[in-house]
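Examination of the molecular architecture
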2 protein chains.
Amino acid sequence: MRVGIVGLGLIGGSLGLDLSYLGFKVLGVARKEKTCSLALEMGVADETSTSLSLLKNAEIVFICTPIEAIASTIKQLTPFLSPQTIITDVGSVKTSVVKECSQLWHNFLGGHPMAGKAEQGIEVAEKNLFVNAAYVLTPTVNTPEKTVKKLTEIVHLLGAKLSICSPEDHDQAVAWISHAPVMISASLIHACMQEGEATVLELAKKLASSGFRDTSRVGGGNWELGVMMAQYNREKLLRSLIQYRQNLDEIINNIEQEDWQKLELMLKSTNQTRREFLN
Amino acid sequence: MRVGIVGLGLIGGSLGLDLSYLGFKVLGVARKEKTCSLALEMGVADETSTSLSLLKNAEIVFICTPIEAIASTIKQLTPFLSPQTIITDVGSVKTSVVKECSQLWHNFLGGHPMAGKAEQGIEVAEKNLFVNAAYVLTPTVNTPEKTVKKLTEIVHLLGAKLSICSPEDHDQAVAWISHAPVMISASLIHACMQEGEATVLELAKKLASSGFRDTSRVGGGNWELGVMMAQYNREKLLRSLIQYRQNLDEIINNIEQEDWQKLELMLKSTNQTRREFLN
């Protein structure tokens, strides 16, 4: 089978490595010539081009560009495709992407492989990146059943753990476990830095250890990704953050009122329920 | 030199192992006979007893009980001591402890070795627990200089990194880097669990990975310690949490107003300033 990949970064490149290894014929499209030749050298693709016309005979195309380029890429791509071709993407937000892309192509299925690294680019692409990672597919009522079946097969071949849900449920779930934590964690760093007593701030920096390191990690990450999450998942992220603020207020209130029993009940329950999130 | 340790748990036990190895004569006091005999077996102490009278000839006594028992232990201990004896503690909050204990004993110096493990008790005590860990001493204007000098020597012998500051500065710094993160992190778990859509909550549990795991870690820890921090460091913790809530509100407001430039500036600054906290 001929599989197209547009955008040969960490995700597109790693997909290419796995799909080539699995025996698919991989056609890779990148904006830069240099990325195309590197993709050939690394075994990411069998053929590469800077032109989307390379994909004219592809049966499935993975759009692996940054989220803001997905729809415009599909617009440029569709004139080359035969009507049976499946288009899927790898963006980390789904409601807005699926809505726009389904209008551009009848056979579109949103996807989100939840694998990543701190580094970006084809240079850090690796085989088996998706093994044991979550891979979400978000069909709508209009998605052809054959399309879901085909992509389900590929997700299993990649060794990833498949979840199928609506684009909206996906976005609310990742708002909770990925997007809200970034804002919650960034607020901690920002608040610390606003400590007005210089000796206290210096001491805090000196004494910070694993607890601060872990709680602040995702808030000190890639800021462009952080802004992108907020832009594309604004409504669901706000819903999570507003619920979060209510719970924070409850804790602050318990401490103000010295209601140690309520605080203990809450910390006891978080100790127990956290385990349900650890696979 | 004869050193007394009251409370042979993880911290007291580990101190005993190191001090014995360094050639001090270690006198250990525990509430239970069983702990006393285990301490002898493990090499935590040279002599042990369930009675504080064992410490009558000690030159320094480390109080390693839970924080709420420090003052009452000192009250029971002082009748046995000669006036030159130094008393120090290992509690994680200092202002209230130092205030109360300085009134009970003229030669008291507050201390906080910032080492720990998830497990508690003498069974998990280990040599070199304090190597490269922060160890804070919090003298007041009334603390004898000789006392600070003596404990400084011991902190260095343990291989720990010494900080000397006021009890108040200590408490505000640990509110920022240790106590507030617990509440911030617990609020995240609590808020997630209040997601009203059962399918979303199940999906969130399934999709949670390293970002959620790290941000929620300290909020899913020992709840008794969490309540204790809030009780004993209430005022400073509230100061940090209220500043934190302001910064969270700022982020929520930027997202509501779609002010992506301000959000980017903030996430860019937290990316850069976080490094100052990582030693």
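Notes on the structure in this doc start here. These numbers were taken from a predicted model, which means no experiment stands behind them. (Residues numbered from 1 in each chain as written. Chains lettered and ligands numbered in written order. Predicted model: local features only at pLDDT ≥ 70, side-chain atom pairs only at ≥ 80, totals over all residues. Heavy atoms only, no water.)

1. A word on the nonpolar core
Here is the rule we go by: Throughout this description, the term nonpolar core refers to a set of buried Ala, Val, Leu, Ile, Met, Phe, Trp, Tyr and Cys residues connected via side-chain atoms within 4.5 Å. The classification of residues rests on relative accessible area computed with a 1.4 Å probe and restricted to protein chains. Under 20% of the type maximum is buried, over 50% is exposed, and intermediate values are partly exposed. The contact criterion used throughout is that any non-hydrogen atoms of two residues lie within 4.5 Å.
Counting residues in each nonpolar core, the largest one holds 80 residues, and the members touching the most others are A:M183, A:I255, B:M183 and B:I255. Among residues more than four places away in sequence, those in contact with A:I255 are A:W260, A:L263, B:M183, B:A230, B:R234, B:L237, B:L238 and B:L241.

2. Structural notes on the sheet that holds strand β1 (residues 2-6) of chain A
Residues and elements named next belong to chain A. Going by this rule: By the convention used here, strands pair only if DSSP detects at least 2 bridges between them. Each helix is a run of DSSP H or I of at least 4 residues and each strand a run of E of at least 2, with the numbering of both proceeding from the N terminus. Lines are fitted to the C-alpha atoms to define the axes, a helix being fitted only along its stretch in contact, and any angle between axes, read from their N-to-C directions, falls within 0 to 180 degrees.
Read across the sheet, 8 strands follow the order β3-β2-β1-β4-β5-β6-β7-β8 without closing on themselves; strand pairing throughout is mixed. Every other strand in the sheet has two partners, leaving β3 (47-49) and β8 (161-164) as the edge strands with one partner each. Sheet twist, expressed as the mean angle between neighbouring strand axes with direction ignored, is 20°. Inspection of the sheet shows strand β5 (residues 86-89) paired to strand β6 (residues 108-113) by 2 bridges, in the parallel sense.

3. Some details on the pairing of β6(A)
Regular strands place side chains that alternate from one sheet face to the opposite one. All names here are of chain A. The criterion, for reference: Look down the strands so they point away from you; if the path from the first strand over the helix to the second goes clockwise, the crossover is right-handed.
Along β6, 6 of the 6 residues are buried, which leaves the element largely enclosed by surrounding structure. Burial of the side chains of β6 extends over both faces: F108, G110 and H112 are buried on one face and L109, G111 and P113 on the other. On the question of chirality, the crossover connecting β5 to the parallel β6 by way of helix α4 (residues 95-104) is right-handed. Here 4 bridges tie β6 to strand β7 (residues 134-138), and the two strands are oriented antiparallel to one another. Bridge pairing in β7 places H112 opposite V136.

4. Here's the deal with the relation of the copies chain A and chain B
Our working rule: The least-squares superposition of copies is restricted to C-alpha atoms, and to residues with a pLDDT of at least 70 in both copies.
Each copy superposes on the other: chain A lies on chain B with an RMSD of 0.1 Å after a rotation of 180° and an axial shift of 0.0 Å. Accordingly, the operation relating the two chain copies is best matched by a two-fold axis. Here 100% of the contact residues of chain A are again contact residues in chain B; the copies associate through an equivalent surface.

5. What to know about the sheet that holds strand β6 (residues 108-113) of chain B
Residue and element names in this part refer to chain B. Taking strand neighbours across the sheet as the criterion, the 8 strands line up as β3-β2-β1-β4-β5-β6-β7-β8 in an open arrangement whose pairing is mixed. Two strands in the sheet have a free side with no partner beyond their single neighbour: β3 (47-49) and β8 (161-164). Mean inter-strand twist for the sheet, computed between neighbouring axes without regard to direction, equals 20°. Packed onto the sheet, helix α4 (residues 95-104) meets β5 (86-89), β6 and β7 (134-138) and runs at close to 150° relative to β6.

Function-wise, these values are silent; they only describe arrangement.
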